[in-house]
Amino acid sequence: MKNNTGKNYEAFIFELYQALNKDERFKSVELDVKLIGPDGERQIDVLIRYDVDNNELLTIVECRDYAKRLDIKQIDEFHSKVMDFNAKGVLISPKGFSKKAKSKAKRVGITLCVAADLNTVLSSIDIQIPLTLTIVETQFSFK
């Protein structure tokens, strides 16, 4: 049985980073970032920073290359990270998500993306920068 070294998915994340970094809507797009949260250092696969009405907003993109669909456990883990930084979350998996994982992600405002190619991810993230703070509150749910 061949072990998954993650090298292909790492290359995929690099391509994602390169594509997002060219998007002028974003203040910065960073790969493999370490942020200090309430419980110490946390690793972020891709961190997107953008400004709305002089407020910096964050989107955390996490890529999980697992051999099977992600379950509610992985949603819980990722949700904790998203909450630590009051960010929007996007979780990407090539194998998909269980029914419970989809339900939990929808409830807590995490975007799920099943993707093995860059175009699918970029169309799924669809970050829209609103014009007023009122719209921000309706588009981004920070619970």
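Given the structure is predicted, the values throughout are model-derived calculations rather than measurements.

Cut-offs and rules
- Residues numbered from 1 in each chain as written.
- Predicted model: local features only at pLDDT ≥ 70, side-chain atom pairs only at ≥ 80, totals over all residues.
- Heavy atoms only, no water.
- Buried < 20%, exposed > 50% of the residue type's maximum accessible area, 1.4 Å probe, protein only.
- Helix = DSSP H or I, 4+ residues; strand = E, 2+ residues; numbered from the N terminus.
- Arc of directions from axis to C-beta.
- Contact = heavy atoms within 4.5 Å.
- Core = buried A, V, L, I, M, F, W, Y, C linked by side-chain atoms within 4.5 Å.
- Phe/Tyr/Trp six-rings, centres within 6.5 Å; stacked < 30°, edge-to-face > 60°.
- pLDDT = per-residue confidence, 0-100.
- Salt bridge = Lys/Arg side-chain N within 4 Å of Asp/Glu carboxyl O.

Student: What am I meant to see in helix α3 (residues 99–108) here?
Tutor: Owing to its 3.6 residues per turn, the α-helix brings residues three or four apart onto one side. Every buried residue of α3 is listed here: Ala 101, Lys 104, Ala 105 and Val 108. Down the axis, α3 shows its buried residues gathered within 100 degrees of arc, on one side only. Opposite the packed face of α3, turned more than 90 degrees from it, sit the exposed residues Lys 99, Lys 106 and Arg 107. Looking at the packing, one finds that the buried side of α3 touches α2 (72–84) and β5 (110–114). Once α3 ends, the next one or two residues include Gly 109, with phi positive near 80 degrees.

Student: Looking at this model, I keep getting lost on the nonpolar core. Mind explaining?
Tutor: Proteins that are soluble and globular tend to have nonpolar side chains buried together. Core analysis: the largest hydrophobic core is formed by 19 residues, its most contacted members being Val 46, Ile 48, Val 61 and Ile 92. Secondary structure elements with two or more residues in this core: α1 (7–21), β2 (40–52), β3 (55–63) and β4 (88–93). It is α1 that provides the largest number of residues to this core, a total of 6 residues. Counting 18 residues, the second-largest nonpolar core is a separate cluster that includes Leu 58, Phe 78, Ala 87 and Leu 91.

Student: Can you help me understand the packing of aromatic side chains in this one?
Tutor: Two aromatic rings are characterised by how far apart their centres lie and by the angle between their planes. Within the structure shown, the criterion is met by 1 aromatic pair. The interplanar angle of 55 degrees and the centroid separation of 6.2 Å between the aromatic rings of Phe 26 and Tyr 50 together place this pair among those described as tilted. In this pair, Phe 26 sits in the loop between α1 and β1 (28–37) while Tyr 50 sits in strand β2, placing the two residues 24 residues apart along the sequence. Of the residues examined, Phe 26 reaches a relative accessible area of 9% and is grouped as buried. The class of Tyr 50 is buried, set by a relative accessible area of 0%.

Student: How should I be thinking about the confidence of the model for the protein chain in this particular structure?
Tutor: Any region with low pLDDT has predicted coordinates that should not be read closely. Scored by pLDDT, the protein chain comes out at a mean of 80, with 76% of its residues at no less than 70. Per-element confidence in the protein chain ranges from a low mean pLDDT of 35 for helix α5 (residues 133–139) to a high of 97 for α2. Contacts from residues 129–143, a stretch scored under 50 in pLDDT, to residues over four places away or in other chains number 25 contacts.

Student: What's the story with the pattern of salt bridges in this structure? I'm lost.
Tutor: Any two side chains of opposite charge can pair, so long as their charged atoms come close to each other. This structure, assessed with the given rule, holds 10 salt bridges. A salt bridge links Lys 27 to Glu 56, with the shortest nitrogen-to-oxygen separation between them at 3.0 Å. With a gap of 29 residues between them, Lys 27 in the loop between α1 and β1 and Glu 56 in strand β3 connect regions that are remote in the sequence.

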